[in-house]
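This is what each chain is made of:
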Amino acid sequence: MAGIVSPSPTALYFTSNLGARRLKAASWSGKSLPGNVLRRRSLRVAAEVKFVNAEEAKKLIAAEGYKVVDVRDKTQFERAHIKSCHHIPLFIFNEDNDLGTIVKRTVHNNFSGLFFGLPFTKLNPEFVNSVRNEFKQDSKLLIVCQEGLRSAAAASRLEEAGYDNIACVTSGLQSVKPGTFESVGSTELQNAGKAGLITIQGKISAVLGTVLVCALLFITFFPDQAEKLFPSS
């Protein structure tokens, strides 16, 4: 921990071959003692979150001992996750039964849930405590999610809780090339966020396209048979 004397909060920046990083400093005044007005400023320097790509993340794990924390929901995690990672979801299934939640859940399930396979969730109130139960504040943590948004939010919460060695994969696991990490699950890491009707849209289009092409070829090469099957009105 470095000490810096400064009249006001400040920020220091530096870059490395493993992504950009920023140091932020927070200052606060000391207490006043009777008879002596003591004006003292203490400075705490903390390293902010650094964002890395998949290859850089792999180096952090192998060379610097970063532990992977997967903050996705249970469904995406079960489809595919990095082997030996720790699953601590930032959002959990919302099973509340008040009227407002029931209405929201019904609307969600008929649209986002149906077409994209997204579960109806709420913020995990025990997220930070769950991380504290598994990792000390000086632990090196690589936070991952599917698109990069939840991991950034989770990293911000952990930073506020005093964790200084935090990294995130830019754009999430959807940007990871097959084979980059050893994974567990029924699909590739980059496809773990795909679910619902949207996943079969491409298959339906391929089938329809094949049928149309076959019909065209049949009419072209067997016009007599085609006329018998599809007589003109």
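Rules used throughout
- Residues numbered from 1 in each chain as written.
- Predicted model: local features only at pLDDT ≥ 70, side-chain atom pairs only at ≥ 80, totals over all residues.
- Heavy atoms only, no water.
- Helix = DSSP H or I, 4+ residues; strand = E, 2+ residues; numbered from the N terminus.
- Buried < 20%, exposed > 50% of the residue type's maximum accessible area, 1.4 Å probe, protein only.
- Contact = heavy atoms within 4.5 Å.
- Areas by Shrake-Rupley, 256 points an atom, 1.4 Å probe, with all protein chains shown as cover.
- Arc of directions from axis to C-beta.
- Polar contact = N/O pair within 3.5 Å; in protein donor to acceptor, adjacent residues only side chain to side chain.
- Patch = residues over 30% accessible without salt bridge, like charges linked within 9 Å, V, L, I, M, F, W, Y side chains within 5 Å.
- Salt bridge = Lys/Arg side-chain N within 4 Å of Asp/Glu carboxyl O.
- Expected span 1.5 Å × (residues − 1).

- As recorded in an unreviewed UniProt entry, the protein chain goes by Rhodanese domain-containing protein and comes from Brassica campestris.

## Comments concerning the overall build of the protein chain
Then, number 1: Looking only at helices and strands, the protein chain features eight helices and 12 strands.
Then, number 2: Of all 233 residues assigned to the protein chain, the portion counted as buried reaches 33%.
Then, number 3: In the protein chain, of all internal contacts separated by at least 6 residues, the share reaching a separation of at least 24 is 66%.
Then, number 4: Carbon and sulfur atoms make up 58% of the accessible area of the protein chain, which amounts to about 14,800 Å² in all.

## Comments concerning helix α1 (residues 54–64)
Then, number 1: The complete set of buried residues in α1 reads A54, E56, A57 and L60. Considered in projection along α1, the buried side chains sweep an arc of 165° and stay on one side of the axis. More than 90 degrees from the buried face of α1, the exposed residues found are K59, A62 and A63.
Then, number 2: The backbone nitrogen of E55 has a side-chain oxygen 3.1 Å away, supplied by the residue at the start of α1, namely N53.
Then, number 3: Positive backbone phi, at 75°, marks G65, one or two positions downstream of α1.

## Brief notes about a nonpolar patch on the surface
Then, number 1: There is a patch of nonpolar side chains on the surface, built from L99, V103 and V107 and spanning about 300 Å² of accessible area.
Then, number 2: When you line up the elements, L99 lands in helix α3 (residues 99–110).
Then, number 3: Residue class for L99 comes out exposed when judged on its relative accessible area of 68%.

## A short note on the side chain of D73
Then, number 1: Checked against the element boundaries, D73 lands in the loop between β5 (67–70) and α2 (74–79).
Then, number 2: Sequence-distant contacts of D73, defined by excluding residues within four places in its chain, comprise H87, F91, P119 and R150.

## Details of unusual backbone geometry
Then, number 1: Positive phi, close to 70°, is recorded for S84, a residue that is not glycine.
Then, number 2: Along the chain, the position of S84 falls in the loop between β6 (80–82) and β7 (86–87).
Then, number 3: Given the relative accessible area of 64%, S84 is considered exposed.
Then, number 4: Even without glycine at this site, S171 takes up a positive phi of about 70°.

## A short note on helix α6 (residues 149–160)
Then, number 1: For α6, which comprises 12 residues, the first-to-last C-alpha distance of 17 Å matches the rise-based estimate of 16 Å (1.5 Å per residue) to within 8%.
Then, number 2: Among the residues of α6, R150, S151, A154, A155, L158 and E159 are the ones counted as buried.
Then, number 3: One or two residues past the end of α6 sits G162, with phi positive at roughly 105°.

## Details of the pattern of salt bridges
Then, number 1: This structure, assessed with the given rule, holds four salt bridges.
Then, number 2: The closest approach of N and O atoms between E182 and K83, which form a salt bridge, is 3.3 Å. Here E182, found in the loop between β11 (165–169) and β12 (183–185), pairs with K83, found in the loop between β6 and β7; they are 99 residues apart in sequence, far enough to count as distant.
Then, number 3: On the basis of relative accessibility, which here comes to 54%, the residue E182 falls in the exposed class.
Then, number 4: The network of salt bridges with common partners includes D73, E147 and R150.

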